[in-house]
Amino acid sequence: PKRVTLRHLGAKYKRKEPISMVTAYDYPSAVHVDLSGVDILLVGDSVGMVVHGHETTLPVTLDDMLLHCRSVARGAQRPFLIGDLPFGSYERSPQQAIESATRLLKEGGMDAVKLEGGGPARVAAAKAVTEAGIAVMGHVGLTPQAISSLGGFRPQGRTAAEAIKVVQSARALEDAGCFAIVLECVPPAVSAAVTSAVSVPTIGIGAGPHCSGQVLVYHDLVGMMQHPHWVQVTPKFCKKYAAVGTVISQALVDFREEVANGEFPGPDHTPYTLPEDDKGEFA
Ligand code: KIV
Ligand code: NA
């Protein structure tokens, strides 16, 4: 199967065909995303929350990301692969951003990287990485790595001043060379404004229908998690397309019960019998 490239994505955008993007973090989820025909696979730093059980994305390291990126790259041959630059791996200087992005490509097998934020320093980082020959996706609106200064996972761009900031950030990221921009948790009117203000695809999450594409987190989309009661539930904007978590839980309960009552393993799952001739020796 042919790999999706920036040229394919650009052609879709020109034809006004919506672009689909999903996260994945390991070999099996990457294989599933590959088979689905989804255009872009994001190895998101949301891995820290949905796989590692952290409350935020802040603890995720570049080494964590590289481990997940390599596993995904082995499972996904077809989608365009993007790796998130994690918190602390690109803020210090454009040079640091280039070094971290380079590792996600060379060691992680990614096709491109994503970084969060649209202030002057982030725009400079995006420009430097792009000029180093690495495709960069921007990310504005709710940027979870900024939770410390945002004061929580809250929708963004809900005042005129904030909305203008979102549009300006997106334009600045486009000028810096970003090939696409994620819009997270902003009102539909703001997504519409950004989408018409830039000439690169916008990929929305909790941002309504007026984007060039949509992204969801794998575990949320498939309904993987039956969250323990102390964990924040699946975000409001996420549509659950399945209830995989229920299937997993039932399978585990069935196994436990069948072991307890001796039903498992039956003859069908007891393949390694002795050859007829040798049976006597163990009798
Ligand atoms: O880490 C992630 O999953 C993301 C998407 C929500 C865009 O950044
Ligand atoms: Na992310």
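The structure displayed is predicted, hence computed values, not measured ones.

**Description of the domain arrangement of the protein chain**
Part 1: Domain parsing of the protein chain yields domain 1 (6-242) and domain 2 (247-282).
Part 2: The straight-line distance from the C-alpha centre of domain 1 to that of domain 2 is 45 Å.

**Things to note about the environment of Gly 138**
Part 1: Turning to its location among the elements, Gly 138 is positioned in strand 5 (residues 135-141).
Part 2: Placed 47 residues apart in sequence, Gly 138 and Glu 91 show a C-alpha to C-alpha distance of 14 Å.

**What about the confidence of the model for the protein chain?**
Part 1: Summary statistics for the protein chain give a mean pLDDT of 95 and a share of 94% for residues scoring 70 or more.
Part 2: Both scores are given for the predicted complex: the pTM is 0.95, the ipTM 0.99.

**Things to note about the nonpolar core**
Part 1: Counting 72 residues, the largest nonpolar core has Leu 41, Val 72, Val 113, Val 136, Cys 178 and Ile 181 as its most contacted members.
Part 2: Leaving out residues up to four positions away in the same chain, Ile 181 has contacts with Met 137, Gly 138, His 139, Val 140, Ala 170, Leu 173, Val 198, Val 200 and Thr 202.

**As for helix 11 (residues 244-261)**
In an α-helix, one full turn covers 3.6 residues, which means residues spaced three or four apart are oriented alike.
Part 1: For helix 11, with 18 residues, the first-to-last C-alpha span of 26 Å sits near the 26 Å given by 1.5 Å per residue.
Part 2: Burial analysis of helix 11 places just zero of its 18 residues in the buried class, a small minority of the element.
Part 3: Trailing helix 11 by a residue or two, Gly 262 shows a phi angle of about 80°, which is positive.

Calculation criteria
Residues numbered from 1 in each chain as written. Chains lettered and ligands numbered in written order. Predicted model: local features only at pLDDT ≥ 70, side-chain atom pairs only at ≥ 80, totals over all residues. Domains from an automatic or database assignment. Helix = DSSP H or I, 4+ residues; strand = E, 2+ residues; numbered from the N terminus. pLDDT = per-residue confidence, 0-100. Core = buried A, V, L, I, M, F, W, Y, C linked by C-beta atoms within 7 Å. Buried ≥ 20, exposed ≤ 12 C-beta atoms within 10 Å, placed from the backbone. Contact = placed C-beta atoms within 7 Å. Expected span 1.5 Å × (residues − 1).

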